[in-house]
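Tertiary structure, described
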Amino acid sequence: AQTVTQSQPEMSVQEAETVTLSCTYDTSENNYYLFWYKQPPSRQMILVIRQEAYKQQNATENRFSVNFQKAAKSFSLKISDSQLGDTAMYFCALLRNQGGKLIFGQGTELSVKP
Amino acid sequence: DVKVTQSSRYLVKRTGEKVFLECVQDMDHENMFWYRQDPGLGLRLIYFSYDVKMKEKGDIPEGYSVSREKKERFSLILESASTNQTSMYLCASSLMGTGGLNEKLFFGSGTQLSVL
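First things first, this report covers the structure right here in the doc. Residue indices follow the written sequence of each chain, beginning from 1 at its first position. The order in which chains are written sets their letters, starting at A; the order in which ligands are written sets their numbers, starting at 1. Totals for whole chains, interfaces and linings use all residues, but because this is a predicted model, local features are given only for residues with pLDDT of at least 70 and pairs of side-chain atoms are given and counted only at 80 or more. Water and hydrogen atoms were dropped before computing side-chain values, which therefore reflect all heavy atoms in the structure.

**Quick word on the layout of surface pockets**
Points on a 1 Å grid, built from protein atoms alone, make a cavity when a 1.4 Å probe fits but cannot get out and make a pocket when they are open with protein on both sides within 12 Å along at least 5 of 7 lines; residues with an atom within 4 Å of a point are the lining residues. Grid points are joined across faces, edges and corners, and a volume is the space filled by probe spheres set on the points. Size it by volume and the largest pocket reaches roughly 460 Å³. As for the largest pocket, its lining consists of 24 residues, of which A:Q39, A:M89, A:E109, B:Q37 and B:P39 are closest to the centre. Broken down by secondary-structure element, the contributors of at least two residues to the lining of the largest pocket are β10 (88-95) and β12 (108-113) of chain A together with β5 (31-38) and β10 (87-94) of chain B. Only Asp, Glu, Lys and Arg are considered charged in this grouping, and only Ala, Val, Leu, Ile, Met, Phe, Trp, Tyr, Cys and Pro are considered nonpolar; every other residue, Gly among them, is considered polar. Counted by class, the lining of the largest pocket contains nine nonpolar, 11 polar and four charged residues. Put simply, DSSP H or I for four residues or longer makes a helix, DSSP E for two residues or longer makes a strand, and each gets a number counted from the N terminus.

Below you can see the structure in the form of structure tokens.
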């Protein structure tokens, strides 16, 4: 069975600072994909960043980057220069193969304080 | 841009009622999904469909059924609503066969269902 675990239900960070959200997962597959989604108060899910498991290089998207540790099955999200608009629920997700069946973690609610 | 539209943003129903949650996507996507979102549990997959008239159970299908008579529409049905089905329901769609990093899900804005 595949699982995704986010052990931090809530986090807060001061504006302009850096914050890291943790995610661990479990899968027996060798080829898979990992994602971070953001859900602001509008409830619209937004894809933040994605990573292929066979790539060692960590993905980056502007202020967002990941630390992918395949052996440890860890996939953390780092947000640099936090902005008030980053306030949202963040979900880590695992995709085993084609077909779009994403397995989500429990979510981390991030508050960016002015 | 892909649009996934859920018919209601908020819905209040009584225990025992039959409830229909509708989802429509406008980009000819083959894949459609229904998730429920609960605090502390994240998103859990209820049902999904890879094609018209096709359906497969997700992780928590009990108490739900689905219908996909047309490619663009995927309905979630609560045959007899119960209070433990009070939740946020999210519909999503994606293009079949792109796989991997291109397997991007497009989500609707969710329906907050309260069963009293």
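**What to know about the state of the cysteines**
Any two cysteine sulfur atoms within 2.5 Å of one another count as a disulfide. Counting across every chain of the model gives two disulfides over all chains. A:C23 shares a disulfide with A:C92; S-S distance 2.0 Å. Between A:C23 and A:C92, the S-S dihedral sits near -70°, and the bridge is therefore left-handed. Remark: A:C92 occurs in strand β10 and A:C23 occurs in the loop between β3 (19-21) and β4 (24-26); sequence separation between them is 69 residues. Neither residue differs from the other here; A:C23 and A:C92 are each classed as buried. A sulfur-sulfur separation of 1.9 Å characterises the disulfide bridge that pairs B:C23 with B:C91. Its torsion about the S-S bond being -75°, the disulfide of B:C23 and B:C91 is classed as left-handed. Of this pair, B:C23 sits in strand β4 (residues 23-25) while B:C91 sits in strand β10, and the two are 68 residues apart along the sequence. Only protein chains enter the area calculation, which uses a 1.4 Å probe; residues under 20% of their type maximum are buried, those over 50% are exposed, and those in between are partly exposed. B:C23 gets classed as buried once you look at its relative accessible area, which sits at 0%.

**Considerations on the pattern of salt bridges**
All names here are of chain B. A pairing counts as a salt bridge when a side-chain nitrogen of Lys or Arg comes within 4 Å of a carboxyl oxygen of Asp or Glu. This model, assessed by the stated rule, comprises 10 salt bridges over all chains. Where D38 meets R36, a salt bridge forms, and the shortest distance between an N and an O atom there is 2.8 Å. An identical accessibility class is assigned to D38 and R36; each is buried. One salt-bridge network, in which partners are shared between bridges, spans D28, E30 and K71.

**Remarks on the pairing of strand β12 (residues 111-115) of chain B**
Residue and element names in this part refer to chain B. Of the two faces of β12, only one is covered, namely that formed by T111, L113 and V115; the face formed by Q112 and S114 stays uncovered. For β10 and β12, the ladder comprises three bridges, and the chain directions are antiparallel. Bridge pairing in β12 links S87 to L113. Pairing between two strands requires that DSSP report at least two bridges joining them.

**Focus on the interface of chain B and chain A**
If you look at the interface, chain B gives 29 residues, while chain A gives 24 residues. A 1.4 Å probe defines the accessible area here, and the buried area is the portion of it lost by two parts on being joined, summed over both. Taken together, both faces of the contact between chain B and chain A bury some 2200 Å²; the carbon and sulfur share is 55%. At the junction of chain B with chain A, the criterion picks out zero salt bridges. Identification of polar contacts relies on pairs of N or O atoms within 3.5 Å, with a donor-acceptor requirement for protein atoms, meaning one able to donate a hydrogen and the other able to accept it, and with residues adjacent in sequence counted only if both atoms are side-chain atoms. The tally of links from chain B across to chain A stands at eight residue pairs in polar contact (both at pLDDT 80 or more). For the side of chain B that touches chain A, the elements supplying multiple residues, two or more each, are β5, β6 (42-49), β10 and β12 of chain B. The class makeup of the residues in the side of chain B that touches chain A is 13 nonpolar, 12 polar and four charged. In this description, contact between two residues means that some pair of their heavy atoms is separated by no more than 4.5 Å.

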